[in-house]
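Per-entry structural report
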Amino acid sequence: MGVQVCADHDEAVADVRDGSTVLIGGFGLAGMPTRLIDALIRQGARDLTVVSNNAGNGDTGLAALLDAGRVRRMICSFPRQHDSHVFDRLYRAGEIELEVVPQGTLAERMRAAGAGIGGFYCRTGVGTLLAEGKETREIDGTTYLLEKPLPGDIAFIKAHAADHAGNLVYRKTARNFGPVMATAARCTIAEVGEVVAPGGLDPEAVVTPGIYVDRVVSA
Amino acid sequence: MSLRITDAPRSKDELAAAIAADIPAGAYVNLGIGQPTLVADHLRDDGGVVLHTENGMLHMGPAAHGDEIDPDLINAGKVPVTELPGASYFHHADSFAMMRGGHLDVCVLGAFQVSATGDLANWHTGADDAIPAVGGAMDLAVGARSVWVMMTLRTREGAPKLVPSCAYPLTGVACVDRVYTDVATFDLAEGAVTVTSLHGVARGELEALVEVPLRFA
C-alpha cells in the first residue's frame, strides 16, 4: 500500500485504538515525535502499551502522554532519569506497569519483528534478573538467552524529511530507534521536518525506504 | 608488568587520565554515562581513539557549547556533543550490533560492585522502591572486548566495592577485565585478582580492606 501524506497530526493518529501497542521513537527528546504524541493525547486512546527507550523526559512528549493517564504498560530500557518525574510518580503509585529490557535487546526484538524472525539468542542479560523466565541455550560453549520479537500496532517516529514515496532521511543522533521501529509496526507514522517534491531525496541517501512507512505528516 | 606506587589516592581526573593513557591508539571505545565520560577529556588528540555513543554515532566529539548546541546531536547521557571528521550516524539496531558483536575494543563503566571473578553490578540497587534502569549496560558488559570499571574502591560508608561476590543484582557475569580505583588498579583474569598499581595505600592495608585474595604485579 502506498503512503498517505496527512494534512495534520490529528488526521494521522485518528484511528489509534484503545489497548494498542505504540512504538515511540526517540532517545530522550532527540527524535521524539512530540507533535504526534500531542495529537494522540487529544485523540484520547487509552490503555496503551508504549515501547520507547525512555519513559518520558520533563513534562512534554511521552511524559505528557503518561501524565494524561493513557498508558497502562511501559516497555523501555532506561526509565529512571533526572527528569523522569512523571513516570517515577506513576510507577511508585502503582499506576503503571514496567518491563525493563536491555537497550540492544529492545532494538533487536523490534528488528526481529520487522524482519519476520521468530526469536533470537543473545548473551545480553545471561545470569541476571532479566533472564528470569527466559529459555537459555548453550551454543558452541556459550550460553545465550532466547528473546522474542516485539511488534507494534502503530509506530510514531520522527525524521528530517520524507518524499511522496514515504522514503525517510534523518538528522544526526535523532535517527536512533526510528528506522527499526518503522519496520516493526503494522502502521508507521512519520513526523517529518518537510515533505519534499518527488525526486527530492537522493535514493543513495535514503535510510528508511517507503515500504516501511504508511503515513507522513510535516511539522 | 611491575607494580606502580604513588603516595596519594587519585582524584577523579587523575583516574580518568590514567585510564585514557591505557587505551590503545586507534581503539574504538564506549564510555559509560557518569564518571567514565571524564576519560574523554584526557585522550590525546593524536591517539586516534574513536568514541562510540550507543545512540548511534562514531567519532563523537567533545561536549557542545553555545552556538554548537544541536538538540539532534547528543550523547548517551543526553548531553549535547559535537561531531569530529570521520563521524558516522546509524540506527539503534546497528549501534548495538557494534556493541554486542565484539566490535568495540574497550568500554569503561561505573560500578556499584565488582566481584573477584569479574561479575559486574551497576544497574540496580535492588532496593524495594528503586526504579530499575539498565540502558545499554548489559550489552556493553557482554559485548566489548575489554570491559574496564572506573570507581572509588570504597562506598561513602567505607565498605569495599571489590568483593568476593556481588550483593547487588548483576549486570553481567565474569565480564570485567580491569578495575581502576582511586587507590589501586586491579587486573582480573581467570579468577585471580592482580594489583598493578597502588596510590596512597600500603599492600597490607589493601589486603585487609578488600577480603579478596590479591596478587601483586
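Our subject is the structure listed above.
Description of the structure in this document. All values derive from a computational prediction rather than experimental measurement.

**With respect to the overall build of chain B**
Helix and strand counts for chain B stand at four helices and 14 strands. Over its C-alpha atoms chain B spans a radius of gyration of 17 Å, differing by no more than 12% from the 17 Å that the globule rule assigns to 217 residues. Across chain B, every contact between residues at least 6 apart in sequence was considered, and the portion connecting residues at least 24 apart equals 60%. Total accessible area on chain B is roughly 9400 Å²; 51% of this is exposed by carbon and sulfur atoms. Mean positive and mean negative side-chain charge positions of chain B (13 and 27 charges, respectively) differ by 7 Å.

**Some points on the interface of chain A and chain B**
Counting from both sides, the interface comprises 43 residues of chain A and, opposite them, 40 residues of chain B. Carbon and sulfur atoms make up 61% of the surface buried where chain A meets chain B, a total of about 3300 Å² over both sides. The interface formed by chain A and chain B includes three salt bridges. Between the two partners, chain A and chain B, sit 24 residue pairs in polar contact (both at pLDDT 80 or more). Taken together, the elements giving at least two residues each to the side of chain A that touches chain B come down to helix H4 (85–92), strand E5 (97–100), helix H5 (103–115), strand E6 (120–122) and helix H6 (178–184) of chain A. By residue class, the composition of the side of chain A that touches chain B is 20 nonpolar, 14 polar and nine charged.

**Topic: the pattern of salt bridges**
All names here are of chain A. Applying the stated criterion to the full structure yields 18 salt bridges over all chains. The closest approach of N and O atoms between Glu99 and Arg73, which form a salt bridge, is 2.7 Å. With a gap of 26 residues between them, Glu99 in strand E5 and Arg73 in strand E4 (residues 71–76) connect regions that are remote in the sequence. A residue is classified by how much of its surface remains accessible, and Glu99, at 24% relative accessible area, is partly exposed. Take Arg73: its relative accessible area is 22%, and that puts it in the partly exposed class. Among the charged side chains, a salt-bridge network with shared partners connects Asp47, Arg72, Arg73, Glu97, Glu99 and Arg109.

**Observations concerning the nonpolar core**
One recurring pattern in soluble globular proteins: nonpolar side chains tend to sit buried together. Among the nonpolar cores identified, the biggest contains 34 residues, and Val114(B), Leu120(B), Val176(B), Phe186(B), Val195(B), Leu206(B) and Leu214(B) are the most heavily contacted of them. The set of elements that each furnish at least two residues to this core consists of helix H2 (92–100), strand E6 (106–109), helix H3 (137–143), strand E9 (146–150), strand E12 (184–189), strand E13 (192–199), helix H4 (203–210) and strand E14 (214–216) of chain B. Not counting chain neighbours up to four residues away, the residues in contact with Leu206(B) comprise Leu153(B), Ala184(B), Phe186(B), Val195(B), Leu198(B), Val201(B), Leu214(B) and Phe216(B). By size, the runner-up hydrophobic cluster in this structure holds 32 residues, among which are Val50(A), Leu66(A), Val71(A) and Phe87(A).

**Here we look at unusual backbone geometry**
Excluding glycine, most residues fall at negative phi; most peptide bonds, likewise, are trans. Within the chain, Asp140(A) stands out as a residue other than glycine whose phi angle is a positive 50 degrees. Among the structural elements, Asp140(A) can be located in the loop between strand E7 (136–139) and strand E8 (142–147). Despite not being glycine, Glu211(B) has its phi angle at roughly 60 degrees, a positive value. Structurally, the position occupied by Glu211(B) is in the loop between H4 and E14.

**Focus on the packing of H5(A) against H2(B)**
For the pair H5(A) and H2(B), the least separation of the axes is 9 Å and the interaxial angle reads 125 degrees. In terms of their interaxial angle, H5(A) and H2(B) are classed as oblique. When the axes of H5(A) and H2(B) are compared, the crossing they make is left-handed. In this structure, H5(A) uses Gln103(A), Gly104(A), Thr105(A), Ala107(A), Glu108(A) and Arg111(A) to contact H2(B), whose residues at the interface are His92(B), Ala93(B), Phe96(B) and Arg100(B). A class-by-class count of the residues in the contact of H5(A) with H2(B) yields three nonpolar, four polar and three charged.

Procedures and definitions
- Residues numbered from 1 in each chain as written.
- Chains lettered and ligands numbered in written order.
- Predicted model: local features only at pLDDT ≥ 70, side-chain atom pairs only at ≥ 80, totals over all residues.
- Heavy atoms only, no water.
- Helix = DSSP H or I, 4+ residues; strand = E, 2+ residues; numbered from the N terminus.
- Rg over C-alpha atoms; globule rule 2.2 N^0.38 Å.
- Contact = heavy atoms within 4.5 Å.
- Areas by Shrake-Rupley, 256 points an atom, 1.4 Å probe, with all protein chains shown as cover.
- Lys, Arg positive; Asp, Glu negative; His and termini not counted.
- Charge placed at Lys NZ, Arg CZ, Asp CG, Glu CD.
- Buried area = accessible area lost by both parts, 1.4 Å probe.
- Salt bridge = Lys/Arg side-chain N within 4 Å of Asp/Glu carboxyl O.
- Polar contact = N/O pair within 3.5 Å; in protein donor to acceptor, adjacent residues only side chain to side chain.
- Nonpolar A, V, L, I, M, F, W, Y, C, P; charged D, E, K, R; others polar.
- Buried < 20%, exposed > 50% of the residue type's maximum accessible area, 1.4 Å probe, protein only.
- Core = buried A, V, L, I, M, F, W, Y, C linked by side-chain atoms within 4.5 Å.
- Axes fitted to C-alpha atoms, helices over the stretch in contact; angles between N-to-C directions.
- Parallel < 35°, antiparallel > 145°, perpendicular 65-115°, else oblique.
- Left-handed = near helix turned anticlockwise from the far one by under 90°.

Any link to function would need more than the numbers given here.
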